[in-house]
Amino acid sequence: MVKIRPFKAVRPERELAEKVAALPYDVLNREEAKEAAKDNPYSFLHVDKAEIDFDDSVSDTDELVYETASLNLQWMVGEGVLRQDELPSLYIYELEMNGRTQTGLAACTSVEEYEKNIIKKHEVTREKKEIDRIRHMESLNAHTGPIMMAYKQEEQIDKELNEWKSSHDPVYSFQSEDGVVHRLWVIDKVESVNRLVTLFENVENLYIADGHHRSEAAAKVAQQRRKQQPDYNGEEEYNSFLAVVFPSNELEILDYNRIVTSLNGYTTDKFLQLLGDSFDIEKVEKASAKPDKKHQVGMYLDGAWYRLHFKGELSRNDDDIINTLDVSILQNYVLSPLLEIKDIRSDERIDFVGGIRGTEALEKHVDSGNFQVAFALHPTSIEELMTVADQNLIMPPKSTWFEPKLRSGLLIHPLE
């Protein structure tokens, strides 16, 4: 049984929503974020990534950055850019990209259910990133970036959301700079809210899709505040976190690709020869470079594209789900044994490129001379993600890239 609850969101005035809405803090680097927020004082990047308001000599984690994030949020509220809803509400958040629509419900989800593994995870978090988001939440006394979660489809929930959309106008409807259409409805009728809360009691689990560090940070903030509150009863705002939950059949995972700085001393010919032990190698045109099924890998090397077809034997038992993932095949048969990249979290010879950037981005990195080889992977499926989470296993790092991205700033959850 999953517990969701309504909340009084702080959100933009209708005519300013498009200016406020911003990509998540961890999608853009500092330079990209500065460019995205340039000449736009309303951009939520001034809150979620306040280091953009300083020159590069100021560290991303300087205390001044967190203080400025808080001041920027206060300014936006004080100027009437943001306001708080009067009634506890649920919110429909719809995303449309390339003709495909996904409809999620924004609500508060339970920290205690996260701790009990009713809300399931599939990634290991890094302490440095956790601390950053903890400091950010504490400075703002709010959750500002909604966590994307999935649940196994329930027809009655679909029906309830579709009926509300068909009978009400969205409060926001705009197209962001990347072509994604964002629409938001406010469900503020008590009867409708209660029906949805009850319907989610039939949902067995939620699965974190995007936002593991924000989830873990929210849990640790809640744990610390519980210790400071002797009469804690579990209903406090800080004991929940902001999420947008989607039926899993509507979510799309893109490939999360790898670029590597060197061939570990091998010549191109020798590297291709070694790859031949585990893969059938086919030289292809760029148009055929992207894998179209599991256990294929696209590779860009020396100005040419190759298709690698894995020819090893893999168990198909559920217990071996991790080893059957394409990210694991690349790691276990190429990155680790041949290029000696054992830990992709810490090895500086490897970097990652989200599939939304296309194979052109992989070519660009290699052709620049900064990287020597790029690998294009077949996307992990949402079914694989849920199977891994159900077995309390952990996916390899950088296994999933979700598109489209939720925008920050459209819904803020105050912790008090």
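Residues numbered from 1 in each chain as written. Predicted model: local features only at pLDDT ≥ 70, side-chain atom pairs only at ≥ 80, totals over all residues. Heavy atoms only, no water.

Visitor: Teacher, can you tell me more about the overall build of the chain here?
Guide: Of the regular secondary structure elements, the chain holds 14 helices and 21 strands. The C-alpha radius of gyration of the chain comes to 22 Å, within 12% of the 22 Å expected for a compact globule of 416 residues. Expressed as lengths along the three principal axes of its C-alpha atoms, the size of the chain is roughly 65 × 50 × 45 Å. A total of 416 residues make up the chain; the buried ones form 56% of that total. Across the chain, every contact between residues at least 6 apart in sequence was considered, and the portion connecting residues at least 24 apart equals 78%. Summed over all atoms, the accessible surface of the chain reaches about 18,600 Å², with 44% contributed by carbon and sulfur. Considering the chain, the positive charge centre built from 49 side chains and the negative charge centre built from 76 side chains are found 1 Å apart. (Helix = DSSP H or I, 4+ residues; strand = E, 2+ residues; numbered from the N terminus. Rg over C-alpha atoms; globule rule 2.2 N^0.38 Å. Buried < 20%, exposed > 50% of the residue type's maximum accessible area, 1.4 Å probe, protein only. Contact = heavy atoms within 4.5 Å. Areas by Shrake-Rupley, 256 points an atom, 1.4 Å probe, with all protein chains shown as cover. Lys, Arg positive; Asp, Glu negative; His and termini not counted. Charge placed at Lys NZ, Arg CZ, Asp CG, Glu CD.)

Visitor: Before we go on, may I ask you to explain the sheet that holds strand 18 (residues 350-354) in this structure?
Guide: As a general point, the strands of a sheet are linked pairwise by backbone hydrogen bonds and lie either parallel or antiparallel. With antiparallel pairing, the 6 strands of this open sheet are ordered in space as 15-17-16-19-14-18. Every other strand in the sheet has two partners, leaving strand 15 (279-284) and strand 18 as the edge strands with one partner each. Pairs of neighbouring strands in the sheet enclose a mean axial angle of 25 degrees, with direction left out of account. Relative to strand 17 (residues 304-310), strand 16 (residues 296-301) runs antiparallel, the two sharing 6 bridges. (Pairing = 2+ DSSP bridges. Axes fitted to C-alpha atoms, helices over the stretch in contact; angles between N-to-C directions.)

Visitor: What is the right way to read the side chain of His136 from this model?
Guide: Among the structural elements, His136 can be located in helix 6 (residues 127-140). Classification of His136 as buried rests on a relative accessible area of 4%. A polar side-chain atom of His136 sits 2.8 Å from the main-chain carbonyl oxygen of Val47. Beyond its immediate chain neighbours, meaning those up to four positions away, His136 contacts Val47, Asp48, Tyr66, Ala69 and Thr144. (Polar contact = N/O pair within 3.5 Å; in protein donor to acceptor, adjacent residues only side chain to side chain.)

Visitor: Please clarify how unusual backbone geometry should be interpreted in this entry.
Guide: Among all residues save glycine, negative phi is the norm, and among peptide bonds the norm is trans. Here the bond from Glu403 into Pro404 is cis, since omega is -5 degrees, no more than 30 degrees from zero. Look at Asn117: it is not a glycine, yet its phi comes out positive at around 70 degrees. Relative to the elements of secondary structure, Asn117 occurs in the loop between helix 5 (111-115) and strand 6 (119-120). One non-glycine residue with positive phi stands out, namely Asp302, at about 55 degrees. Secondary-structure assignment places Asp302 in the loop between strand 16 and strand 17.

Visitor: Before we go on, may I ask you to explain a positive patch on the surface in this structure?
Guide: Together, Arg126, Lys128, Arg345 and Lys398 give the surface a local cluster of positive charge. Its location among the elements puts Lys128 in helix 6. (Patch = residues over 30% accessible without salt bridge, like charges linked within 9 Å, V, L, I, M, F, W, Y side chains within 5 Å. Salt bridge = Lys/Arg side-chain N within 4 Å of Asp/Glu carboxyl O.)

Visitor: Explain the nonpolar core to me, please; I cannot follow it from the model alone.
Guide: The tendency in soluble globular proteins is for nonpolar side chains to be buried as a group. Phe271, Leu275, Met299, Leu335 and Phe375 are the most contacted members of the largest nonpolar core, which totals 69 residues. Each of domain 1 (4-251 + 404-414) and domain 2 (256-378) accounts for three or more of the residues forming this core. Once you skip the residues sitting within four places of it in the chain, Phe375 turns out to touch Asn257, Arg258, Val260, Phe271, Val297, Gly298, Met299, Leu330, Val334, Leu335, Leu339 and Leu362. Membership of the second largest hydrophobic core comes to 36 residues, among which are Leu161, Tyr238, Phe241 and Leu415. (Core = buried A, V, L, I, M, F, W, Y, C linked by side-chain atoms within 4.5 Å. Domains from an automatic or database assignment.)

Visitor: Whenever I open this one, the pattern of salt bridges confuses me. Can you help?
Guide: According to the stated counting rule, one finds 34 salt bridges in the structure shown. Note that Asp292 is salt-bridged to Arg307, the shortest N-O span being 3.7 Å. Within this pair, whereas Asp292 is found in the loop between strand 15 and strand 16, its partner Arg307 is found in strand 17, the two being separated by 15 residues in sequence. For Arg307, a relative accessible area of 8% puts it in the buried group. What you see here is one network of salt bridges that share partners, running through Arg11, Glu13, Arg83 and Asp85.

Honestly, that's just the spatial picture; any functional story needs more than this.
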